[in-house]
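If you want the building blocks of each chain, they are given just below.
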Amino acid sequence: MKKLSARRRHPLAAVVVLLLALLFSGGLYAVFAPTSKAEADETAQSLTIEEGKKLYSVGCASCHGTGGQGTSDGPSLVGVGAAAVDFQVATGRMPAATSQGPQVPKKKNVYSQAEIDQLAAYIASLGAGPAIPTEEQYGPQGADIAKGGELFRTNCAQCHNFTGKGGALTHGKYAPTLEGVAPKHIYEAMETGPQNMPSFPDTTLSEKNKKDIIAYLDAVNSSKSESPGGLELGGLGPVSEGLFGWIFGLGGLIAVAVWVAARTAKAKKS
Amino acid sequence: MSTAQDRRKAPAGERVADWADGRLGIYSLAKANMRKIFPDHWSFMLGEICLYSFIIIILTGVYLTLFFHPSMNEVEYHGSYVPLQGQLMSEAFASTLDISFDVRGGLLIRQIHHWAAIIFLAGMFVHMMRVFFTGAFRKPREINWLFGFLLFVLGMFTGFTGYSLPDDLLSGTGVRFTQGAILSVPIVGTYISMFLFGGEFPGTDFVARFYSIHILLLPGIMLGLVVGHLILVFYHKHTQFAGPGRTNKNVVGMPLLPVYMAKAGGFFFLVFGVIAALAGIATVNPIWVLGPYRPDQVSTGAQPDWYMGFAEGLVRAMPGWEINFWGHTLVLGVFIPLVLFGLFLGIIALYPFIESWVTGDKREHHILDRPRNAPTRTAFGVAWVTGYMIMLIGGGNDIVATHFHLSINAVTWFVRIGFFAGPVLAFIVTKRICLGLQRRDKEKVLHGRESGIIKRLPHGEFIEVHEPLSQEQMYTLTAHEQYEPVEIGPTVDENGVERKVKGSEKLRAKLSESYYGEGAQIPKPTAEEYREITSGHGHH
Amino acid sequence: MFTVSMLATIAFIAAFVAIPVDKSVYIFPLGHISALNFALGMTLGIALFCIGAGAVHWARTLMSDVEIADERHPIEAEPEVREKVFADFQQGAKESALGRRKLIRNTMFGALTLVPLSGVVLLRDLGPLPEDKLRHTLWSKGKLLVNMNTNEPLRPSDVAVGSLTFAKPEGLEEHDHEFQNEIAKAALMIVRIQPENIKDKRELEWSHEGIVAYSKICTHVGCPISLYEQQTHHVLCPCHQSTFDLSDGARVIFGPAGHALPQLRIGVNDEGYLEALGDFDEPVGPAFWERG
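Residues numbered from 1 in each chain as written. Chains lettered and ligands numbered in written order. Predicted model: local features only at pLDDT ≥ 70, side-chain atom pairs only at ≥ 80, totals over all residues. Heavy atoms only, no water.

## As for the UniProt feature "domain: Cytochrome b/b6 N-terminal region profile" (unreviewed entry) in chain B
Next up, step 1: In the numbering used here, UniProt assigns the "domain: Cytochrome b/b6 N-terminal region profile" (unreviewed entry) feature to residues 16–242 of chain B.
Next up, step 2: Helix makes up 68% of residues 16–242 of chain B and strand 4%, whereas the separation of the span's terminal C-alpha atoms amounts to 42 Å. (UniProt positions renumbered as here; feature names shortened; annotations may be inferred. Helix = DSSP H or I, 4+ residues; strand = E, 2+ residues; numbered from the N terminus.)

## Here we look at the domain arrangement of chain A
When the parts come together, some accessible area is lost, and that loss is often what is quoted as the size of the interface.
All names here are of chain A.
Next up, step 1: Structurally, chain A comprises domain 1 (1–129) and domain 2 (133–228).
Next up, step 2: Taken residue by residue, the interface counts 20 residues in domain 1 and 19 residues in domain 2.
Next up, step 3: Interface area for domain 1 against domain 2, summed over the two sides, is near 1800 Å², with a carbon-plus-sulfur share of 54%.
Next up, step 4: Inspection of the region where domain 1 meets domain 2 yields one salt bridge.
Next up, step 5: Note that Asp86 and Lys184 form a salt bridge whose closest N and O atoms lie 3.2 Å from each other.
Next up, step 6: Put simply, domain 1 and domain 2 have four residue pairs in polar contact (both at pLDDT 80 or more) between them.
Next up, step 7: For the side of domain 1 that touches domain 2, the secondary structure elements donating two or more residues are α1 (2–24) and α5 (81–90).
Next up, step 8: The dominant element in the side of domain 1 that touches domain 2, judged by the number of residues it contributes, is α5, at six residues.
Next up, step 9: Of the residues in the side of domain 1 that touches domain 2, the class split is 10 nonpolar, five polar and five charged. (Domains from an automatic or database assignment. Contact = heavy atoms within 4.5 Å. Buried area = accessible area lost by both parts, 1.4 Å probe. Salt bridge = Lys/Arg side-chain N within 4 Å of Asp/Glu carboxyl O. Polar contact = N/O pair within 3.5 Å; in protein donor to acceptor, adjacent residues only side chain to side chain. Nonpolar A, V, L, I, M, F, W, Y, C, P; charged D, E, K, R; others polar.)

## Quick look at empty space enclosed by the protein
Next up, step 1: Tallied over the entire structure, the rule returns 10 cavities of 30 Å³ or more.
Next up, step 2: Taken together, 35 residues make up the lining of the largest cavity; nearest its centre are A:His160, A:Pro176, A:Ala189, A:Pro194 and A:Met197.
Next up, step 3: Of all the secondary-structure elements, those providing two or more residues to the lining of the largest cavity are α8 (145–155), α9 (157–160), β2 (174–175), α10 (183–192) and α11 (207–220) of chain A together with β8 (227–229) of chain C.
Next up, step 4: Examining the composition of the lining of the largest cavity, we find that four residues originate from one element, α10(A), more than from any other.
Next up, step 5: Residues of the lining of the largest cavity, tallied by class, amount to 22 nonpolar, 10 polar and three charged.
Next up, step 6: The calculated volume of the second largest cavity comes to roughly 220 Å³.
Next up, step 7: Around the second largest cavity sit 22 residues that line it, and A:Glu232, A:Gly235, A:Leu236, B:Pro286 and B:Val289 are the ones nearest its centre.
Next up, step 8: Secondary-structure elements contributing two or more residues to the lining of the second largest cavity are α12 (238–261) of chain A together with α11 (287–290) of chain B.
Next up, step 9: In terms of residue count, α11(B) provides more of the lining of the second largest cavity than any other element does, three residues in total. (1 Å grid on protein atoms, 1.4 Å probe; cavity = no way out; pocket = protein on both sides within 12 Å on 5 of 7 lines; lining within 4 Å. Points joined across faces, edges and corners; volume = space filled by probe spheres on them.)

## Some details on the layout of surface pockets
All names here are of chain A.
Next up, step 1: Each pocket or cavity is described by its volume, and for the second largest pocket that value is around 1400 Å³.
Next up, step 2: If you trace the second largest pocket, you find 50 residues lining it, with Pro75, Leu77, Val80, Gln88 and Gln195 closest to the centre.
Next up, step 3: Secondary structure elements with two or more residues in the lining of the second largest pocket: α3 (37–59), α4 (61–64), α5, α6 (113–126) and α10.
Next up, step 4: Taken together, the residues that form the lining of the second largest pocket break down as 23 nonpolar, 22 polar and five charged.

## Some points on the sheet that holds strand β10 (residues 243–245) of chain C
Think of a sheet as strands paired side by side through backbone hydrogen bonds, with each pair either parallel or antiparallel.
Residues and elements named next belong to chain C.
Next up, step 1: Ordered in space as β8-β9-β10-β11, the four strands form an open sheet in which the pairing is antiparallel. Only two strands of the sheet have a single partner each, and these edge strands are β8 and β11 (251–254). Pairs of neighbouring strands in the sheet enclose a mean axial angle of 30°, with direction left out of account. (Pairing = 2+ DSSP bridges. Axes fitted to C-alpha atoms, helices over the stretch in contact; angles between N-to-C directions.)

## Observations concerning helix α10 (residues 256–281) of chain B
Next up, step 1: Here α10(B) contains 26 residues, and its C-alpha end-to-end distance of 35 Å stays within 8% of the 38 Å for a straight helix at 1.5 Å per residue.
Next up, step 2: Across the 26 residues that make up α10(B), a large majority, 20, are buried. (Expected span 1.5 Å × (residues − 1). Buried < 20%, exposed > 50% of the residue type's maximum accessible area, 1.4 Å probe, protein only.)

## Observations concerning the interface of chain B and chain A
Next up, step 1: On the chain A side, the residues contacting the 64 residues of chain B number 52 residues.
Next up, step 2: With both chains or domains summed, chain B and chain A bury close to 4500 Å², and 72% of this area falls on carbon and sulfur atoms.
Next up, step 3: Three residues stand out in chain B for area buried against chain A, namely B:Trp42, B:Pro83 and B:Thr300, and they jointly supply 12% of the buried area on that side.
Next up, step 4: The interface formed by chain B and chain A holds 15 residue pairs in polar contact (both at pLDDT 80 or more) in total.
Next up, step 5: Those elements that provide at least two residues to the side of chain B that touches chain A are α3 (46–65), α5 (106–133), α7 (169–183), α10, α11, α15 (397–403) and α16 (408–447) of chain B.
Next up, step 6: The residue makeup of the side of chain B that touches chain A, split by class, is 40 nonpolar, 19 polar and five charged.

## Focus: the interface of chain C and chain B
Next up, step 1: Contact residues are listed per partner, giving 78 residues for chain C and 104 residues for chain B.
Next up, step 2: Carbon and sulfur atoms make up 63% of the area that chain C and chain B hide from each other, which totals about 7600 Å².
Next up, step 3: By the criterion of area lost to chain B, the three top residues of chain C are C:Arg72, C:Ile75 and C:Trp289, representing 13% of everything that side buries.
Next up, step 4: In this assembly, chain C and chain B are joined by four salt bridges.
Next up, step 5: With a shortest N-O distance of 2.5 Å, B:Lys139 and C:Glu76 are connected by a salt bridge.
Next up, step 6: Between the two partners, chain C and chain B, sit 28 residue pairs in polar contact (both at pLDDT 80 or more).
Next up, step 7: Going through the elements one at a time, α1 (2–18), α2 (35–61), β3 (68–71) and α6 (179–186) of chain C are the ones with two or more residues in the side of chain C that touches chain B.

## Focus on the packing of aromatic side chains
Next up, step 1: The tally for this structure, following the rule as stated, stands at 47 aromatic pairs over all chains.
Next up, step 2: When the centroid spacing of 5.8 Å and the interplanar angle of 45° are considered together, the rings of A:Phe152 and A:Tyr216 count as tilted. You can see A:Phe152 sitting in helix α8 and its partner A:Tyr216 sitting in helix α11, a full 64 residues away along the chain.
Next up, step 3: A relative accessible area of 0% places A:Phe152 in the buried class.
Next up, step 4: Note on A:Tyr216: relative accessible area 1%, which makes it buried.
Next up, step 5: Geometrically, the ring pair formed by B:Tyr63 and B:Phe67 is tilted, given 5.1 Å between the ring centres and 55° between the ring planes. (Phe/Tyr/Trp six-rings, centres within 6.5 Å; stacked < 30°, edge-to-face > 60°.)

## Section: a negative patch on the surface
Next up, step 1: Taken together, the side chains of A:Glu226, B:Asp98, B:Asp102 and C:Asp22 define an acidic patch exposed on the protein surface.
Next up, step 2: As for its position among the elements, C:Asp22 is in the loop between α1 and β1 (24–27).
Next up, step 3: On the basis of relative accessibility, which here comes to 61%, the residue C:Asp22 falls in the exposed class. (Patch = residues over 30% accessible without salt bridge, like charges linked within 9 Å, V, L, I, M, F, W, Y side chains within 5 Å. Areas by Shrake-Rupley, 256 points an atom, 1.4 Å probe, with all protein chains shown as cover. Lys, Arg positive; Asp, Glu negative; His and termini not counted. Charge placed at Lys NZ, Arg CZ, Asp CG, Glu CD.)

## So, the state of the cysteines
Next up, step 1: Scanning all chains against the criterion turns up one disulfide over all chains.
Next up, step 2: The partner cysteine of C:Cys223 in its disulfide is C:Cys239, sulfur to sulfur 2.0 Å. Between C:Cys223 and C:Cys239, the S-S dihedral sits near -95°, and the bridge is therefore left-handed. One end of the pair, C:Cys223, is in the loop between β7 (211–215) and β8; the other, C:Cys239, is in the loop between β9 (234–236) and β10, with 16 residues separating them in the sequence. Each member of the pair, C:Cys223 as well as C:Cys239, carries the same accessibility label: buried.
Next up, step 3: With no disulfide partner, A:Cys60 has as its closest neighbouring cysteine sulfur the one in A:Cys63, 8.8 Å distant.
Next up, step 4: A:Cys156 provides the cysteine sulfur closest to A:Cys159, a residue in no disulfide bond, and the two sulfurs are 8.8 Å apart. (Disulfide = S-S within 2.5 Å.)

Structure follows, in C-alpha cells:
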C-alpha cells in the first residue's frame, strides 16, 4: 500500500509544484498580461536558474565543482540535462554520501520538487541535455504493452530481470529493482543512463518505445499487477522456487511423515 | 484369508478372489505378503514421498499432453494474456499459455506437475542421503542403490527436458547453455549438436525431440526402475534401526495389512494434497512473464531448476581455460565442469562398492548404522553434500550477491576455493563430531544419563546424580559392531619367501585403517567395564 | 475427515463451474492471483489431504499397534541349490552344443553385434553435418546495421557515448523463417567509446569514430551477453558471469569464457549509414573442437 501511495504522489506533487513555481516566478503577472508572456517566461526562467544555482553551490558544488565542471569526486554535469538532475535528486541518489560503496544507492529524497526543478534548470543552463519528460511522454495512453515487453526483454531484462526485479553486476554493483519506481524516473533513467547504466537515447530507443516499456512494467511489476499462479516468490525464477519447494514442499511433507510414523500414546503404554 | 468353510455362502468378494486366484495364483502371493512387516520410522517414508510425487507427475503429465503442442512453428499470440498479445512465439509456448489461462484448472495441473517435479528430486536427494548415512546401501542392497541413483540422474534429465518444453526465454537460455556445453566436447561435439538440434541452434526440432524424450523415453525407463526398486525393497525386506528384539535376522514393525496399507495409502493422499495446495498458493515457472524464447534476448538470474543448479555452479566457478593446438580448440572451461559433473555424481553411485572393498566386509546387513558409529563414511557423505551445496550456491551466485549485498566476483571466488576447502573441512569436523558423540554414548552407558539433580554429599561436595540407562537404551547404544581394519597380511610366506605386496593392497590397508583404525572409532564399552564401574565405586 | 473431503470435492466442482477462468482476486499475502487456480488448488488439496489424514488417523488410533517380528532369510542360496543350478547350466550348455560349434556360435555373435548398427545409421538424418555452418553469419560487406528497436538503419550520430544499442543485419525480419537461427549468430551490440579510451589498436581500427560493434553472443556457451556498464566499459554475461572489457578488444577479465568477443568491422556508406565491412573474422558464440 505504501508503494501505491508513493506512486500516486508524484503526478499530484508535480501539479502542486507547478502552481508554486508559477507563484514564485511571477507567473501570476503573466496570466494578467498575456502580451508580455514570453518575456515574463524568460525572467521566470532566469529567476529559477538563480535559485537553482544557490541550491547547487550549497548541496552539489563540493563534488561537481562550482560551475558544474566536475572534480575528482564527481563527474562534470555540463550537458547531462534536466532529466538527469530530476532522476538523481528525486530518487535520493544525489547528493551522495561521502563514503560510497561500489554504487550510489537510492534513498530518501531531501529536496522538494520545486527545488529539484530549480536545480535542473540551472544544470540545463550549463549545456543542452535531455529535458524532464512530460506526463504525455511516459503516461500509459496509447502504449503497446506487448511491444513494450519485447523491447524490455531485448534492452533491459539482461540486467533488471524479466519483470524488473533487479540483478547483479560486477564487483558489488547491481541493477536495482524497478518496483515502485515512478514512470517519470524510469523514463529519465533510460534517457540519461545514470551511473553504470547505459543510456538509451531517443535516436536508438524512440519515445514511443520508452512509453511501451513503461506500460509493460506497469502491467507486470506494480502493486496491482497480477500473479495468476499465486505467490510470486520474488519473481526471481528457479532459485527461489527451489528454496520454496525444499522448505515448504519437502519440509511440509517430512513433517507429515513424522506424524504418520509417530507411534501413538496407546502404543507406548502397551 | 479365505477359510472356504462354506463355499455355497461365500460372499461376492471371496468369489472374485477365488476367480482371480484360479488365473493369477494370487493367494500364494498374498500369503507371503499380506502380513509383510514394515518398520515404522519417519525417515523410511522419504522414499514414499518420491514414489507418490512420481505418480502425481505421471497423472498430471498425461493431462498436460492433452493440451500441449510440441511444435516450434511460429505463431502470433491472440490468447487472453494481454502483455503478450500479438507477439511471435512458438506453438509450444502459445499452447502453454493456453493451458495456463484458457483451460480451466490447466494452470493448477501445470503447477502441480512442476512443484511435484521439484519435490520429487528433492525427495530423492534426501532419501538417498538417508540411505547413505545409515549404511542401508550395504550388501545385499547395492543394486538397489544403483537403481535409486539412476532414478535420480534420469529424474534430473527428465526435469530438464520437461522445463525446456514451453520454449520460454528462461528455459531456452538453458537449452542454449546445453548446446554450448555439447559443442565443448572434443571431436564429436559439433556433430552431436547438429544431430540433436536438427541443424543449427535453435532450429525447429528440439521441442518435439525433447517432448518424446520427456514423456516417453525417460519416464518409461524410470517406471521400470521404480518397479524394480520396489520389488527389491519387498524382496530384501526393509532395514531397521538397532533396538531390543531387532536383529540382523528379523524385521520388526507393522504388518502390511492393515496398518502399513492404511498409513502408506493415506500418505499418498497426504502428499498429493500438500502438493495440490502448494500449487494453489505459489506460482512456479510463470512462463508468461518470461516471454517466448529468442536467442538474442536474455534475463539476469538465468538459472536452471534446483537439481541442475549444481552443474550450473560448476560451470560458473570454472576459470575460462581454452587450449588451441593444430587448428583445434579444447574448450576446458566448459568441458571440465561437464566431466566433473559426471564424476561427482558417479562417485556416489560407486560408493557401496568402494566401501565394501576397503573394509573387506562382505556380509549381509539389515541393521542400520547410526551415522556417528561410522565416522569415516559419515564424514565422506557430509563432505560430498558440502561440495554439492557450495556448487548450488555457485549456481545462484548472482542471486546470493544481490540479496546479501556482496560482490558477485567475491562470491565466485568463495565458491572456487570453497569447492576444494569446504569438503576437506567438513570431513575433518564431521569425523570429530562423530567421535565426540561416540564418546558421549560410552559415557552414558557406563555412567548413566545426567539427571540434572544436584546432590550434596556429607562432606560438602556437590555432585550430579547420574541415572543409569534402562536395559533397552543400553542395548541400543551398544548394538553396533566394531570392525578391525584390514591388514595386509604376512608379507613372508611359510617358506620364508617374500610375497610381493600389490600397491592396491597397501592402499586398501591404508584406507581401511582410516575407516576402522584407532583414530576413527572409540572402542565401545564392554560388559566388564560396565560391571566394574557399577559394582560399588559409585558415581563421579 | 472423509466427510470434509467429500465436501471439498463438491466445492472443487462448484468452483470449476462457477469461477470464470480469468477472474482475479486479491488475497493477502499472496497478491492478485487467479481465483480459479487458488480455489481449485485449495479444494483439491483439502479433499486429498483429508482422505490421507483420515486413513492415517484411523491406522494410528483404531488399528492394532503391536509390533510384529518377521524372520529374514539369507538372500544367498544354499550350497546344494547352487550346485544344482550350475549342473543344470552345464547340462543346458552341452545340449546346445554352443561350445563345439564355434563357427556357428561366432557368426551368431557377429550378427548380433552388427544388427544394432542399422539403428545407429538411421539416426544419421537427425541433422546435417556441421561443415562450416558455425563459421558464417549473415553479416557481409555493405550490410547496414539495423536498430533492433526501431527497425531503422543506424547513423553514427544516433549512437551516443555511454549508450547501448542492439542491431541486426539489414534484411533480417522477425517473420522470416530463419530468423531465430540467424539472429542467434548475427546479434550485435553497439557502444560508443571515446577513441582515446580504446586501448586495443585493432579495436580502434575496426571501429568508426569510437563506435564499436561486438557480437552479442557470449563466447562461453552462447548467452546473449549485454550487461554493459557504461563507466567501466565492462560487459557481464548474466548466465555465468564472464566479463569482457569492451575498451580493450573485449578480452575476458573474469569468468569462464575462454576468448574475447568477436568484433565486427564497421564503417559508413555513402549515404551516411553504418555498415559492416565484412563478416566476423572468427566464429561467434561458444568455442568448439574445429574452431582452431
